[in-house]
Structures are given as C-alpha cells and as structure tokens.
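Observations on the model geometry
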Amino acid sequence: MKIKYDEEADALFIKLREGNYYESDEIKEGFVLDYDESGNIVAIEILNASNYIDPADLSTVNFEISRQLTEAKG
C-alpha cells in the first residue's frame, strides 16, 4: 500500500494494490475509486482532500493493525 498527498493538487492518493488502472468511479463528489480490468479496486483518490482532512494531519500517517498479519497467498 502506498499513500501520496499532492499539495499542489490537494489530492490524496491511496494505492491499495499493484495493478493496471482500467477505469474510475466517482462514488461521491471528490471520492474516486480506481479499478483494474477485473473490477478490483486498486486505488482510492480524495480530491480537495483538505476539505475532509486537517492539512496538519496530511503530513503524518498512522497505520494500525489490530491482528497479526499472515503471509499473502499467491
């Protein structure tokens, strides 16, 4: 997973998995899901991110896992 904030565009991009982009769906104004050719979500985009997230919080990301991870199968 990769998270990138573009300050100039005020856009937050969360890449969930590797895969080629195929199409997008704006599920709510400013919230976009990106899909691969099989219909799997590969990324989430939040446009005008500072309207939803305090700009000070965009400089730090906390990631918590509430259970022990197992190795990915495949």
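Just so we're clear, the structure is a prediction, and the values are computed from it rather than from any experiment.

The subject of this paragraph is the overall build of the protein. For the protein, the count of helices and strands is zero helices and five strands. Of the regular secondary structure in the protein, the N- to C-terminal order runs β-β-β-β-β. Principal axes of the C-alpha set define a box for the protein whose edges measure 40 × 30 × 20 Å. Looking at the protein as a whole, 20% of its 74 residues qualify as buried. Surface exposure of the protein reaches about 6,300 Å², of which carbon and sulfur atoms provide 45%. Placing the 7 positive and 17 negative side-chain charges of the protein at their respective mean positions leaves the two points 10 Å apart.

A few words now on the environment of Gly39. Tracing the sequence through the fold places Gly39 in the loop between strand S4 (31-35) and strand S5 (41-47). Judged by relative accessible area, which is 42%, Gly39 ranks as partly exposed. Gly39 sits 11 residues away from Ser50 along the chain, and the two C-alpha atoms are 29 Å apart.

According to the stated counting rule, one finds one salt bridge in the structure shown. Residue Glu18 is joined to Lys15 by a salt bridge in which the shortest nitrogen-to-oxygen separation is 3.4 Å. By relative accessible area, which is 59% here, Glu18 ends up exposed. Judged by relative accessible area, Lys15 falls into the partly exposed class, the value being 23%.

With that settled, the discussion passes to the pairing of strand S1 (residues 2-6). Pairing analysis gives five bridges linking S1 to strand S2 (residues 11-15), with the strands arranged antiparallel. Note on S2: the bridge partner recorded for Lys2 is Lys15. Hairpin remark: S1 followed by S2, antiparallel, with four residues in the connecting loop; positive phi at Asp10, about 55°.

A general tendency of soluble globular proteins is for nonpolar side chains to be buried together. Counting five residues, the largest nonpolar core is built from Leu12, Ile14, Ile46, Ala49 and Leu58. Once residues lying within four places of it in the same chain are set aside, the contact partners of Ile14 are Met1, Lys2, Ile3, Val42, Ala43 and Ile44.

Analysis parameters
- Residues numbered from 1 in each chain as written.
- Predicted model: local features only at pLDDT ≥ 70, side-chain atom pairs only at ≥ 80, totals over all residues.
- Heavy atoms only, no water.
- Helix = DSSP H or I, 4+ residues; strand = E, 2+ residues; numbered from the N terminus.
- Buried < 20%, exposed > 50% of the residue type's maximum accessible area, 1.4 Å probe, protein only.
- Areas by Shrake-Rupley, 256 points an atom, 1.4 Å probe, with all protein chains shown as cover.
- Lys, Arg positive; Asp, Glu negative; His and termini not counted.
- Charge placed at Lys NZ, Arg CZ, Asp CG, Glu CD.
- Salt bridge = Lys/Arg side-chain N within 4 Å of Asp/Glu carboxyl O.
- Pairing = 2+ DSSP bridges.
- Core = buried A, V, L, I, M, F, W, Y, C linked by side-chain atoms within 4.5 Å.
- Contact = heavy atoms within 4.5 Å.

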